Amino acid sequence: MTYETITVEQRPEPHGAVTLITLNRPQALNALNSQVLEDLIAAFAAFEADDGQRCAVLTGSGDKAFAAGADIKEMADKPAADFYLDDFFARWTSHLVKATRKPWIAAVNGFALGGGCELAMMADFIIASDKAKFGQPEIKLGVAPGMGGSQRLTRAVGKAKAMEMCLTGRMMDAAEAERSGLVARVVPHESLLDEALKTAATIAAMPPMAAIANKEMVNAAFETTLDQGLVVERRIFQILAGSEDKAEGMAAFVEKREGRWKGR
Ligand code: CAA
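Conventions adopted
Residues numbered from 1 in each chain as written. Predicted model: local features only at pLDDT ≥ 70, side-chain atom pairs only at ≥ 80, totals over all residues. Heavy atoms only, no water. Helix = DSSP H or I, 4+ residues; strand = E, 2+ residues; numbered from the N terminus. Polar contact = N/O pair within 3.5 Å; in protein donor to acceptor, adjacent residues only side chain to side chain. Near = heavy atom within 4 Å. Areas by Shrake-Rupley, 256 points an atom, 1.4 Å probe, with all protein chains shown as cover. Nonpolar A, V, L, I, M, F, W, Y, C, P; charged D, E, K, R; others polar. Pairing = 2+ DSSP bridges. Axes fitted to C-alpha atoms, helices over the stretch in contact; angles between N-to-C directions. Salt bridge = Lys/Arg side-chain N within 4 Å of Asp/Glu carboxyl O. Buried < 20%, exposed > 50% of the residue type's maximum accessible area, 1.4 Å probe, protein only. Expected span 1.5 Å × (residues − 1). Contact = heavy atoms within 4.5 Å. Disulfide = S-S within 2.5 Å.

Peer 1: Hey, could you run me through the side chain of Gln136 in this one?
Peer 2: Tracing the backbone shows Gln136 in the loop between strand 8 (133-135) and helix 6 (149-157). Looking at Gln136, its side chain comes within polar contact range of the side chain of Glu138, at 3.1 Å.

As structure tokens, then:
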């Protein structure tokens, strides 16, 4: 498969491969145009369909940006009816979030602004370089977030900070993003990719069905009441309790050896 705006590399790790996807429009600070969306949809579908691929990392090329937002030049002259009729931005969530059950990490290497911040927040978690900067500056363009920023940022950092960021367009640096719960971890810029790939390899070495299940139950916390979420958690636990990997994992613990996973 060839892509115009991203690169995709399958990295064989000892216990399960990791897919590295890199946004590759550095001259436009990896701005997200329609071709990027098509390429990402295809790359994520291929990742999801390949049983050998267990975890993905998404990052940006160049030293400056993860992604500086939706492509402003593409949107500038687009009529409102086209945005509405195409349900513009809907496919980001339907394909990258809803249709991707396997875990993936955003490795944010610089600016993550507007759609870039929103894309990072679609990941299961974010690892950020100490040079990363996050923001929802759409208000300065006379618009507002469109790929989930008003919702996912608010859930991640709370109303006060999300509202301040959306209304002022100010950027949040990596340290503030970590303090606020937006990112899982901040690492030195030079070691970002290594750290993200190492973390992905750790996840790739886990029993794969349990990885999907853990992701599904944590995500349920954003979609349900506490009572409903607790039921989701118990039901998924009970399903896993019947899996071959549960029998293997518990036997391996007792026998003091590594588990050998079947993924079922
Ligand atoms: N869309 C299209 N092109 C972009 C872009 C974007 N979002 N962000 C940067 N670029 C382009 C610039 O136009 C420039 O191209 P040229 O060399 O052809 O002029 C190139 O990338 C480099 O950018 P700058 O010269 O501006 O770089 P800088 O270091 O001076 O500034 C920056 C960096 C502060 C990130 C600045 O580029 C910037 O403010 N970018 C726009 C950020 C933004 O508003 N993002 C939100 C977009 S709207 C959105 O995302 C809607 C949504 O919710 C989905």
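Peer 1: Help me understand the site of the ligand, please; the structure alone is not making it clear to me.
Peer 2: Every one of the 25 residues lining the ligand counts as a neighbour, but Lys64, Gly115, Glu118, Glu138 and Gly146 are closest to it. Between the ligand and Glu138, the relevant distance is 2.6 Å, taken from an oxygen atom to a side-chain nitrogen or oxygen of the residue. Summarising the interface, the protein chains cover 66% of the accessible area of the ligand, which totals 980 Å² for the free molecule. Mapped onto the shell around the ligand, the elements with two or more residues apiece are helix 2 (72-75), strand 6 (111-113) and helix 5 (115-122). Among the elements that make up the shell around the ligand, the one with the highest residue count is helix 2 (three residues). Across the shell around the ligand, the residue classes tally to 15 nonpolar, five polar and five charged.

Peer 1: What's the story with the sheet that holds strand 10 (residues 185-187) in this structure? I'm lost.
Peer 2: In sheet architecture, strand pairing relies on hydrogen bonds along the backbone and comes in two forms, parallel and antiparallel. Taken together, six strands build an open sheet; the order of strands is 1-2-3-5-7-10 and the sheet is mixed. Edge strands, defined here as strands with exactly one partner in the open sheet, are strand 1 (6-11) and strand 10. Neighbour-to-neighbour, the strand axes of the sheet open up by a mean angle of 20 degrees, direction not taken into account.

Peer 1: Whenever I open this one, the pattern of salt bridges confuses me. Can you help?
Peer 2: Note that side chains of opposite charge can pair when their charged atoms are close. On inspection of all chains with the given rule, the structure shows 14 salt bridges. A salt bridge links Arg185 to Glu195; its shortest N-O distance comes to 3.2 Å. Remark: Glu195 occurs in helix 9 (residues 192-204) and Arg185 occurs in strand 10; sequence separation between them is ten residues. We classify Arg185 as partly exposed; its relative accessible area is 31%. Take Glu195: its relative accessible area is 22%, and that puts it in the partly exposed class. Linked by salt bridges that have partners in common, Lys161, Glu164, Arg170 and Glu176 make up one network.

Peer 1: What is the right way to look at helix 1 (residues 34-49) in this model?
Peer 2: For an α-helix, 3.6 residues make a turn, and residues three or four places apart therefore share a direction. Between its first and last C-alpha atoms helix 1 spans 23 Å; for 16 residues at 1.5 Å apiece the expected length is 22 Å, and the two agree. Of all the positions in helix 1, only Val36, Leu37, Asp39, Leu40, Ile41, Ala43, Phe44 and Phe47 are classed as buried. For helix 1, the N-terminal cap is Asn33; the gap from its side-chain oxygen to the backbone nitrogen of Gln35 is 3.1 Å.

Peer 1: How do you make sense of the environment of Ala128 when you look at a structure like this?
Peer 2: Checked against the element boundaries, Ala128 lands in strand 7 (residues 125-129). Judged by its relative accessible area of 0%, Ala128 is buried. Measuring from C-alpha to C-alpha, the distance between Ala128 and Val187 comes to 6.3 Å, with 59 residues separating the pair along the chain. Filtering out sequence-adjacent residues up to four positions away, Ala128 remains in contact with Val108, Phe134, Val183, Arg185, Val186, Val187 and Leu192.

Peer 1: Can you walk me through unusual backbone geometry in this structure?
Peer 2: With the exception of glycine, most residues fall at negative phi, and the peptide bonds are largely trans. Although it is not a glycine, Asn30 sits at a positive phi angle of roughly 60 degrees. Here Asn30 lies in the loop between strand 2 (17-23) and helix 1.

Peer 1: Help me out: how do you make sense of the state of the cysteines in this one?
Peer 2: Each disulfide consists of one covalent bond between the sulfur atoms belonging to two cysteines. In total, this model carries zero disulfides according to the counting rule given. Here Cys117 stays unpaired: no disulfide links it, and the sulfur of Cys166, its closest cysteine neighbor, is 8.8 Å away. Owing to a relative accessible area of 0%, Cys117 belongs among the buried residues under this scheme.

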